[in-house]
Amino acid sequence: MGYKAGARRLGAVGVILAAGVSLSACGGSAKAAGTLPESTPTSTTASSESAVGGYEGWWNATPASGNTAGLPQETVSINTRTNKVVDAFSRKINDTGRATLIPDVPYTVVPDPSWPADSVIIIDTATNKVIEDFRVDLNGNPLL
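The structure presented is a predicted model; accordingly, all values stated were derived computationally and were not measured. (Residues numbered from 1 in each chain as written. Predicted model: local features only at pLDDT ≥ 70, side-chain atom pairs only at ≥ 80, totals over all residues. Heavy atoms only, no water.)

Q: Explain the environment of T62 to me, please; I cannot follow it from the model alone.
A: Positionally, T62 belongs in the loop between β2 (55-56) and β3 (74-79). Ignoring anything within four residues of it in the chain, the contact list for T62 reads T68 and R91. (Helix = DSSP H or I, 4+ residues; strand = E, 2+ residues; numbered from the N terminus. Contact = heavy atoms within 4.5 Å.)

Have a look at this one:
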């Protein structure tokens, strides 16, 4: 194998390994707005509809410095098609090494006509404000 072919192969392996490490660091259930969707629900639901979980973004990231000042401490993700919580995040819970489950963040959804249709919205539970939104398909996968 020539140098260029070997370098390309090593580069591709590095990208795959980096993606695997990134996902495994999030418990394997990561879904970033605008990136690859997660097809297996990570939240619990009593109904037969598919629950969507594991959205990742600036709102639940931790800077390399570890300083989370100004970042939300707790959020919920609501699918505006169903007006149901489909994901939750708590820094307090995650800092203990456990993933946040939907029941861990009690939140009563009060639908708002100003919410974007066919989207997932991220709400900071401390302020009850929408801090992020992105359009999703019928399965909750982010649309580019």
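Q: So what exactly am I meant to see when it comes to the side chain of T75 here?
A: Structurally, the position occupied by T75 is in strand β3. According to the relative accessible area criterion, T75 is buried, its value standing at 1%. Other than its neighbours up to four places away in sequence, T75 contacts W59, A88, F89, V105, I122, I123, D124, T125 and I131. (Buried < 20%, exposed > 50% of the residue type's maximum accessible area, 1.4 Å probe, protein only.)

Q: How should the nonpolar core be read in this particular structure?
A: Across soluble globular proteins, nonpolar side chains show a tendency to be buried alongside one another. Counting eight residues, the largest nonpolar core consists of V76, I78, A88, V105, V109, W115, I121 and I123. Secondary-structure elements contributing two or more residues to this core are β3 and β5 (119-124). Those residues in contact with V105 that sit more than four places away from it in its chain are E74, T75, V76, A88, F89, S90, T100 and T125. Formed by seven residues, the second largest nonpolar core is a distinct cluster that contains W59, V120, I122 and F134. (Core = buried A, V, L, I, M, F, W, Y, C linked by side-chain atoms within 4.5 Å.)

That is the geometry; function is a separate question.
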